[in-house]
Structure formats: C-alpha cells, structure tokens
Amino acid sequence: MRLLSALDLKVLRDAWRLRGQLAAIGGVIACGLGVFVGMRATMTSLQDARTTYYAERRFGDVFVRVVRAPERVAQSLAAVPGVRRVQTRVVADVTLDVPGVAETATGRLVSLPEHGEPVLNGVHLRSGRFPAPGRWREVVVSEVFAEATGLGPGARLETVLNGKREVLEIVGTGLSPEYVRSVGPGLLMPDDRRFGVLWIRRPPLAAAFDMEGAFNDASLRLARGARVPEVLARVDELLERYGGGGAITRADQESAFFVENELDQLATYVWMVPSMFLAVAAFLLNVVIGRIVAGQREQISALKALGYRDAEVGAHYAKLIGLVVLVGCAAGLVIGAWLGDAMTRMYVRYYRFPDLPFGLGSRAVLQGVAVSALAAALGTWAAIRRVVALPPAEGLRPEPPPSYGRSLVDRLRIARRLPTGARLVVRELERRPLRAVFSVVAIALAAGLTVMNAFTLDSVLRMFNVQFGLQQREDVTVTLTEPRSLGVLSELRALPGVFHAEPSRTVPVELRHGVRVERVGITGIPAGARLQGLLDPDLRDVPVPDDGLVLTTKLAELLAARAGDTLTVRVLEGARPTLELPVARVVESYVGLSAHMELAALCRVLGEPPTLNAARLVVDDARLPDLHAAVKRTPVVAGATDRDAVLRSARELIDQNIGAFVAVSLSFSLVMAFGVLYNAVRVTLAERSHELASLRVLGFRRGEVAALLLGELGLLVGAALPLGLLAGRAMAQMLVSSPGYDTDQFRLPLVVSPATYAMAVLTVLAAGAVSSWSAWRKLERIDIVEVLKARD
C-alpha cells in the first residue's frame, strides 16, 4: 500500500526544487510567528504573575501619605463607604552606609506590625525570617538590594535614625507588590546598589520618628463596586488637616504603573511587528505560487485530463503552501519559545515577582498559527483559484505572451541617454507594476522595521543627555529630611570637596485648570541658577521668570494650559493655601510632570521665609568618597544622589536590555529583507531564463547578462530605501505617541540618528548582496541549450 499518492510525491519534488525560495518565505513566517508567540506568551506570563502576586499579598487599591496622623483616624478611614480594609504604617527614607559601596545609599524603612504580618501589602519572605518582636534592630531587606550589595541574613547596615547612628541587622530578604520595580528618590531607573527597602517592626521605627500612636502612610483595600472617585475625595477630606498628600489609586502607584506600562508596550508590539512579517510572507507566497502555477499550466491540464478533479489539483498546491506554513510555524514556535524565555529572564531581573514562569500557552500558539495560516491563504487564494478554474484544453496551449509597447521610459526624452540594459530593466518592471510596487513596499518594511526598533536607543540616550546634561548639571543632589532655612546651605558648602551649592525647594500641589486636575510638585529655582536648567522646545536655556509658574510640556498638555493662563493651585503641605497663579512659560522636559517657580517667589506665595529641602552640589571628583562618607553621618540629610553613578547604572540597563532587543530585531529585519530580495531575484531568473540564455547565445558576456538580472534588484532596493527610512521614522513617531511610550513618568523624544539610518540601509544591502551572490551562482549553472529547448 502506497503511503503517498502521485500528487503528494509531486508536492515533495516541487518543495525540494524550490527549497531556497520556500525556506526564505518560511523564515519570514517564522520570524512573524515567533515575535507574536514570544511576546504574547511573555505578556500573559507577566499578567498572570501580577494578578496572582497582588492577590496573594493583598496589594492595596488606594495609597496615601500624610505628615502625621493619629492612629484613631484609621477608624474613620475604615468607615468610608466602599473601604473594606485599612493598613496604617510608618515609612521613612534614611541614608545607608553599605559595605563596599562608596556612594550614599538610600533605604526606605517600612514598618511591620508589632506582631505578625501586614494585612495589606504583605511581604513575601525569600530567605531568613521576619524580625522578632522587641528586637528593633532586626530588618528584612528587599531581595534585589541584598543581591546587588552581596548582603544577606547576618549582615549589618549602618544608618542614622533620629540624629543617632544605629546598626541594623539583616535577618531576612523579601519581596513586596509595592516594590516589584523599586526606584529610589531622584532616580529614573532602578539602582539596586543604592536603593533598598527595609521592613522593620513598627514600635522602634515610630519612636525614632516621633510617630508613636500615629502614622504617615496608609493603604486601603476597596470592596467590589466601590465608587473610587468618591472614596478618594473622602480620604483626602479626612487627612487634609494632617498633611495628606492626596490619595492615589493602584494605577498611579509607582511600581504598579511601571508594570502596566511595560504591558502596554508589549501589547503595541505583539500585533504591530508580526503583522508586517505575515503581510510580507503573504505577498511572497502570492508571487512564488503564482509563478509555479504559470509554469505548470500544462501539468495542471494533463492532471485534469487524466481524471483528477479540480478540487484535487487545487488541494495539491494548497498542500505545498501548507508545507511552507507548517515548517515556518514549527520554526516560529521554536523562535517564540527562545524569545519569550529570554524576555522573561530579563523581566525576572527587572521586575521582582515571587514566581514568573514562562510557557508558550495554547492560546498564543493557536492564535499565531491561525493568523499565519490566514495570511498564507489570503496571499495564495488567487493562484489556487486559477488552478481550479483552468480548463484542460486552455492549459495545454502556451500562455499568451505579454503585450509589449513603448514603455514610460521610452516615451521620455531621457530614454535616449539610458543604456540599452537600463531600458530593458525598466521595461521588465513595467510589465508587472503591482509586483514591483509590492516588492518595494516589502523591502521598505524591512528597512523601516530596523529604524523603528533601533531608534529607542537613540531616544533613550537623548533623554538621559538632556536630563543629566542640560537640566541637572550638578554632581550630587542632597535631599533633606524636612524643609530648612537657607542657613543650612552654608553647612552643605562646608562638606568635603564642595565647590558650589544651590538650594531647591519642592512643594506638593494640586493644579487645576478648568475641569483638569494634576497633582505634581512645584520646584523653586533660585534666580541665576547654574545647576538647574530650564529649556525651550529647541533645548536652549531660558531663565526662570521672576513671577508665575513654569510648566513642562507634558503637564501643560494634560492641563490644556499655555502661557498666560491662570491655574488654581492648592498646596498640599503646611498651611495648605489655595492660590491663583499665572503660567509664565512652558518648557521642555522628557521626565516626569513638574512645575517650577523662582525660589523667592515660591516662598513668598507660600507665606514662609526662604527655605530649601534639597541642594545641588558641584564636587571635586577626587573628594567624592569623602563627601559621601560625611553625608552618611549628617542627620539632616535623607539621601544623596550621585549623577555619574545614576548614569552608569542606567547605561548598564540600556546595554543589557535595549541593546539586546535591537540586536534581535536587526536579525529579524535581515530575514525579512533577504526573503523579499532572494525571492524577487529567483522569480525574475525563472521568468527570464529563456531571454537571458538568448542573450548569451547572441554574444553577451555572463557579467552583462547578470547586470540585467541584478539591475532590477538594484532598482527595487534603490526605490525602497528612501521609502523605508521615511516609513521607519513614521512608525517610530507612532510608537513615541503610544500609551506605553508617552506617559506621565517619561516620554521618549523622537530621535533617529544617522547611525540608525545607516544600520537600516546596511541591513537591506547585506540581504541584497547575499541574494545577488545566490543569483550569480544560479546563473553560472544554467544550461543554455536546455533552457532554449524548453517551451516558454
């Protein structure tokens, strides 16, 4: 009994004969499916891990900070309609002296109940144990901080509590849903060596910060169906007299926001990039299968004459298409598994969940395979329909030759100046204009994909250069425990190695313009400041106005405000006055939402003498270790941020994550470009083999014949590259405007460097070079006699 029919054997023979072209198409399908499956499965893994973690550790729904509120207020919070549970705490930032870390590290002390575990925002213990009741020097530290510093249970840390130097003993390491992604104050990205969370029993922490019988942080869990805006308004009303900074929902909590933002970025990529690959694969299948059908007209008619039904002959070609899709999908699942596993391992380093397993998942696989099969069916439907509809008698006749006439180039005067070979190339493209157009579009997509994926590195570098080169020009930023008079500036100037110091004062406020409301900080900048830059949209320095507010572009956009408008400003600390302030200027900034005022003017409208709660320092590089050692012993300092250390840490993360992403994307773009160019040159060679062989007989040298063949390829590439670079920039613009890239925390500027454009061009040229080399080798092996004897 035969396992394979005659038609099945023909499928295998055709597949082997066209193995190069079909493999290139399969590679394009594999890349598209791999990106879809890998990113979709990674996104699902993140979503599932987040949902499970938040539920198991009872992550809060509402968060609020206050200056100092009596514990009895917790009962009032619990009585708010819609509130199911309340957790009050004491939270404070302190400086840490970490063994082996010269720079000042910041520790966030978070209180644990005197006995047991928190009812909300529970700590997932990873090693060791919780602090014992009554052992107030014992702490649990965040796992990521312990790993970065090499500390673990049994290690000791020095800090300053309530003006006294204390030694804390680490008894365990843990995780919390509040700090899945932990970013210290003044930092843009995680720096695990210089910021850590420490959980400590509440009584000693409350005693150290005068919080006995009081709290300065609360989390709330809401009942299902709770009216969130009403809950937030009532919580703010209850805590306003205690210095409440404004309640926020989980969506605005820093760690939760960054996780959601990452999911938004994945959601953008998971359909956008694969759709490009599958569209190109559909086009390539259309060209290749169409060429096969055109070249096998006599075979199709003979099969029908021998009794094969139309459906059987059509199914024969469908099996060839299915074989390509099958191989492409198999390779795509392997790529997807590798890509998803690599991305998940990256997220394990970047986002700390107790468990973040990766699995392809049947849903992602089925969706990816179904979309791939649908793309192949759409691309080859017309060719299969021609097979089914072809009458046997008509198929036995040669296909009518193309109708030639004067081409567009021939009708132009420039035709006289073109060599004969160039006119032949243009005429050939004019014979099939749609194929030429789609080929140009497909090649352009490959170049555009490279630009779209590589520009993020340019944009992130620009963002950091602007933030830490043009706006923040200090060497070290020192944050104070509370606002102080300007007299403390002289003490900071006396620290080791300090050349220059400038004061800064940030006040939490609520800005209202019409119905739009945003909670931000107003930062006071002294007139003539050298270390705190304000930039116009062209990134040129502008002075801080003597009066009025300066808004960043994103904040002005959210408030629908511009220069000359008046905002209602509700101050969220101290006497909490409500002010009417004009917008004096809008300035550029890529990081956060912020407003600025001249320092003296800010203090004047607040009704307080000139004060500061931070200072920016210019420091002798050789004395930086001495400065950090002194800062660690200074009670009024809550933290210090070293600009160079922040930049080093950021560049490490960029190199590890964005650099690897660009490298993988570049390889995928190369596969797409090669698939298009290789099939273009092979199809052209198959269609024009009789013509090229005739030219050889007429005396044309092999190089001259190859020039005709490869000239068409070069013309397609030449037309596609400018279009691809423009398309890449347009897709980059679309990305930077998407929710995952344009956020309240940061927004990427649209920057595409010449190096990125060059990378896209070289990717396409490399694919073209390999395709041309393959065509040259094929041309060398052509048997001229056999080609001329064959019927066309």
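Above this text is the structure in question.
Per chain, the residues get numbers from 1 upward, laid out in the order the sequence is written. Local features in this predicted model are restricted to residues of pLDDT 70 or higher, and side-chain atom pairs are both shown and tallied only at a pLDDT of 80 or more, whereas totals for entire chains, interfaces and linings draw on every residue. As a rule here, side-chain values cover all heavy atoms of the structure and leave hydrogens and water aside.

Brief notes about the overall build of the protein chain
Numbering of helices and strands starts at the N terminus; helices are DSSP runs of H or I of at least 4 residues and strands are runs of E of at least 2. The helix and strand inventory of the protein chain stands at 23 helices and 22 strands. Each residue's exposure class comes from its accessible area (1.4 Å probe, protein chains only) as a fraction of the maximum for that residue type: buried when under 20%, exposed when over 50%, partly exposed otherwise. Out of the 792 residues in the protein chain, the part that is buried amounts to 55%. Contacts are residue-level and defined by heavy atoms, with any inter-residue pair within 4.5 Å sufficient. Sequence separation of at least 24 residues holds for 82% of the intrachain contacts in the protein chain that already meet a minimum separation of 6.

A look at helix α1 (residues 6–17)
Residue count minus one, scaled by 1.5 Å, sets the expected span of a helix. With 12 residues, α1 ought to run about 16 Å at 1.5 Å a step, and its terminal C-alpha atoms sit 16 Å apart, in line with that. By the burial criterion, the buried members of α1 are Leu-7, Asp-8, Lys-10, Val-11, Asp-14 and Ala-15. Buried residues of α1 fall within an arc of 155° about the axis and therefore sit on the same side. Projecting away from the buried face of α1 at angles above 90 degrees are the exposed residues Arg-13 and Trp-16. The inward-facing, buried residues of α1 contact α2 (19–56), α8 (297–305) and α9 (310–350). Working note: the arc is built from the helix axis to C-beta atom directions.

Observations concerning a nonpolar patch on the surface
Taken together, Val-437, Val-441 and Leu-723 make up a surface patch of nonpolar side chains, about 220 Å² in accessible area. Tracing the backbone through its elements, the reader meets Val-437 in helix α14 (residues 433–471). You can call Val-437 partly exposed: its relative accessible area is 47%. Only residues whose relative accessible area exceeds 30% and that form no salt bridge enter a patch; like-charged residues are grouped when within 9 Å of one another, and nonpolar side chains (Val, Leu, Ile, Met, Phe, Trp, Tyr) when within 5 Å. Each accessible area value is a Shrake-Rupley result obtained with a 1.4 Å probe; residue values ignore everything except the protein chains displayed when judging cover. A carboxyl oxygen of Asp or Glu within 4 Å of a side-chain nitrogen of Lys or Arg is what we treat as a salt bridge.

Focus on the side chain of Glu-474
Here Glu-474 is to be found in the loop between α14 and β12 (476–485). Since its relative accessible area comes to 2%, Glu-474 is described here as buried. A polar side-chain atom of Glu-474 sits 3.4 Å from a polar atom in the side chain of Gln-472. If near-sequence neighbours (up to four positions away) are discounted, Glu-474 is found in contact with Leu-531, Arg-616, Leu-617 and Arg-643. Whenever a nitrogen or oxygen atom comes within 3.5 Å of another N or O atom, the pair is scored as a polar contact, on the condition that within protein one atom can donate a hydrogen and the other can accept it, and that pairs from neighbouring residues in sequence are kept only if both atoms are in side chains.

Remarks on the nonpolar core
Nonpolar cores were defined as sets of buried Ala, Val, Leu, Ile, Met, Phe, Trp, Tyr and Cys residues, with membership established by side-chain atoms within 4.5 Å. With 117 residues, the main nonpolar core has Phe-353, Met-452 and Phe-464 as its most contacted residues. Examining the composition of this core, we find that 21 residues originate from one element, helix α7 (residues 254–295), more than from any other. Residue contacts for Met-452: discarding those within four places in its chain leaves Tyr-269, Met-272, Val-273, Met-276, Gly-728, Met-731, Ala-732 and Leu-735. In terms of nonpolar packing, the next biggest core, distinct from the first, is built from 24 residues, Leu-157, Ile-170, Leu-198 and Ala-206 among them.

What to know about the packing of aromatic side chains
Planes of paired rings set the category: under 30 degrees apart is stacked, over 60 is edge-to-face and the rest tilted, where pairs are Phe, Tyr or Trp rings (Trp by its six-membered ring) whose centres lie within 6.5 Å. Taken as a whole and judged by the stated rule, the model has 11 aromatic pairs. With 5.9 Å between their ring centres and 70° between their planes, Tyr-53 and Phe-353 make a pair best called edge-to-face. Residue Tyr-53 is found in helix α2, and its partner Phe-353 is found in the loop between α9 and α10 (362–389); the two are separated by 300 residues along the sequence. Given a relative accessible area of 6%, Phe-353 falls into the buried group. In textbook terms, an aromatic cluster arises when at least three aromatic residues are bridged by ring pairs, as seen for Tyr-54, Phe-59 and Phe-63. Lysine and arginine charges are scored as sitting over a ring when NZ or CZ, respectively, is within 6 Å of the ring centre and within 35 degrees of the ring normal. When the ring centre of Trp-16 is taken as reference, the NZ or CZ atom of Arg-19 above it lies at 4.2 Å. Cation over ring: Arg-181 sits above Phe-258, and NZ or CZ is 3.8 Å from the ring centre.

A closer look at α14
A rise of 1.5 Å per residue sets the reference length of α14, with its 39 residues, at 57 Å; its end C-alpha atoms lie 53 Å apart and thus fit the reference within 8%. At Ala-454, α14 shows its strongest bend, of approximately 30°. What the bend at a residue measures is the angle between two axes, fitted to the seven residues ending there and to the seven starting there.

Concerning the pairing of strand β20 (residues 595–598)
Burial along β20 is two-sided: Ala-595 and Met-597 and His-596 and Glu-598, pointing in opposite directions, are all buried. Strand pairing follows a simple DSSP-based rule, namely that at least 2 bridges must link the two strands. Sheet topology note: the strand β14 (residues 516–525)/β20 ladder contains four bridges and is parallel. Bridging across to β20, Ile-525 finds its partner in Glu-598. Bridge analysis of strand β17 (residues 549–552) against β20 gives two bridges, and the strand direction is antiparallel. Directly across from Val-550, in β20, lies its bridge partner His-596.

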